[in-house]
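Structural overview
Here is what each chain is made of, one letter per residue.
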Amino acid sequence: MRIALFSDIHGNYTGLCAVLQAIDTLGGADMVIAAGDLVLGESGGDDLIDMLRMREVQLIRGDSDTEEKLIRLEAQAIQDPGSTRNPLAYYQGMRSWLHQYVSDANRAFLADLPFAKTVDVAPDQRLFICHASPRDISDRICAPGTHPDIVREVYAGVDASVIAFGHWHASYVRWLDHRMYLNVASVGFRHDGLSWVSILTYQAGQWVVEQHAVPYDVAAEAARVLARGVPQPSL
């Protein structure tokens, strides 16, 4: 079985197009999964969601896929000015942009996405996918340096030989207690012009992991961001 995985698109429509084309060029996949944070950040709205659905990509919800995070940060910026990464106007602008470029139907669709997905690859081989961790949709446990005891505790209830996630935006593979932990990196919020996709293949009793950096047209995406008036973060 061959599974393509990517995460944290953050609205990078141009990067997503490049990643989907790369999957085709690399030989396709039996299943394609996006591990959350599909919108908010770059130019993609309804067009991006519609493309994912048209391509029958299996979708998982991330912490940036609904207004909840923006509402929380707005409240924090009001109550404690200067304590948030960006000013209040940015979060208000992003909420306004979300309502303009993502339809009511698609916002409801995103809100209803599952927080995790399990794929039975073989009788004794299971893949578990979430955005950050099964404990919290915005958990920083996905960092590569997290202490092994914390990883063991958080994933103690997960019955899977391979665990995949995003949120950290940097690719890595970590082995712990005979389980593989795979961060599939991000499609969006890239400063290097390279979106990432991972290909997992289970064949002849073993897993093979490929992680690919996929170039995309940065100038084209920047033009879309400008044309659609996407609010820009401070950092």
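For the structure itself, look to the data block above.
The structure contained in this document is the topic of the report that follows. Because the structure is a prediction, the values reported are computed rather than measured. (Residues numbered from 1 in each chain as written. Predicted model: local features only at pLDDT ≥ 70, side-chain atom pairs only at ≥ 80, totals over all residues. Heavy atoms only, no water.)

Notes on the side chain of Glu 74
To be explicit about the condition: Strands here are runs of E lasting at least two residues and helices are runs of H or I lasting at least four, both read from the DSSP assignment and numbered beginning at the N terminus. We call a residue buried when its accessible area falls under 20% of the maximum for its residue type, exposed when it is over 50%, and partly exposed in between, using a 1.4 Å probe and counting protein chains only. We define a polar contact as two N or O atoms separated by no more than 3.5 Å, with the added condition that, inside protein, one atom must be a possible hydrogen donor and the other a possible acceptor, whereas residues neighbouring each other in sequence contribute only through side-chain atom pairs. Residues count as neighbours in contact if any of their non-hydrogen atoms are within 4.5 Å of one another.
By secondary structure assignment, the location of Glu 74 is in helix H3 (residues 68–79). Overall, the relative accessible area of 10% leaves Glu 74 in the buried class. Within the local environment of Glu 74, its side chain forms a polar contact with the side chain of Arg 95, the two groups lying 3.4 Å apart. If sequence neighbours within four positions are ignored, Glu 74 has contacts with Leu 88, Tyr 91, Gln 92 and Arg 95.

Brief notes about the side chain of Ser 186
By the element assignment, Ser 186 lies in the loop between strand E8 (179–184) and strand E9 (194–203). Taking the relative accessible area as the measure of exposure, Ser 186 reaches 0% and is therefore buried. From its side chain, Ser 186 meets the backbone oxygen of Gly 188 in a polar contact 3.0 Å long. Look past the residues within four positions of Ser 186 in its chain and what remains in contact with it is Ser 7, Asp 8, His 169, Ser 195 and Trp 196.

Describing the sheet that holds strand E5 (residues 125–130)
Note the cut-off: When DSSP finds two or more bridges between two strands, those strands count as paired. To get an axis, fit a line to the C-alpha atoms, keeping to the stretch in contact for a helix; angles then go from 0 to 180 degrees between the N-to-C directions.
Strand order in this open sheet of five strands is E4-E5-E6-E8-E7, and the pairing throughout is mixed. Whereas interior strands pair on both sides, the edge strands pair on one side only; in this sheet they are strand E4 (116–122) and strand E7 (171–176). On average, each strand axis in the sheet is tilted by 15° relative to the strand beside it, whichever way the strands run. Pairing between E7 and E8: six bridges, direction antiparallel. Along E8, the bridge assignment pairs Ser 171 with Val 184.

Here we look at the nonpolar core
In globular proteins that are soluble, nonpolar side chains generally tend to be buried together. Counted only if it meets this: Each nonpolar core is a collection of buried residues, namely Ala, Val, Leu, Ile, Met, Phe, Trp, Tyr and Cys, held together in the definition by side-chain atoms within 4.5 Å.
Phe 6, Leu 38 and Leu 52 are the most contacted members of the largest nonpolar core, which has 37 residues in total. Going through the elements one at a time, strand E1 (2–6), helix H1 (13–25), strand E2 (31–34), helix H2 (46–54), H3, helix H4 (88–101) and E9 are the ones with two or more residues in this core.

Examining the packing of aromatic side chains
When we look at a pair of aromatic rings, we describe it by the centre distance and by the angle of the planes. Inclusion rule: Aromatic pairs are defined between Phe, Tyr and Trp rings, using the six-membered ring for Trp, whenever the two ring centres lie within 6.5 Å; interplanar angles under 30 degrees are classed as stacked, those over 60 as edge-to-face, and all others as tilted. Whether a charge sits over a ring comes down to the Lys NZ or Arg CZ being within 6 Å of the ring centre and within 35 degrees of the ring normal.
Per the counting criterion, the structure on display carries six aromatic pairs. Aromatic pair Phe 128 and Tyr 155: ring centres 6.5 Å apart, planes at 85°, arrangement edge-to-face. Here the residue Phe 128 occupies a position in strand E5, and Tyr 155 occupies one in the loop between helix H6 (148–154) and strand E6 (162–165), the gap between them amounting to 27 residues. The class for Phe 128 is buried, based on a relative accessible area of 9%. Residue classification places Tyr 155 among the buried positions, given a relative accessible area of 3%. Every member of this aromatic cluster is reached through a ring pair, and the members are Phe 128, Tyr 155 and Tyr 181. Of note, Arg 53 hangs over the ring of Phe 109, and the distance from its end group to the ring centre comes to 3.8 Å. Just above the ring of Tyr 13 sits the side chain of Arg 224; from NZ or CZ to the centre is 4.1 Å.

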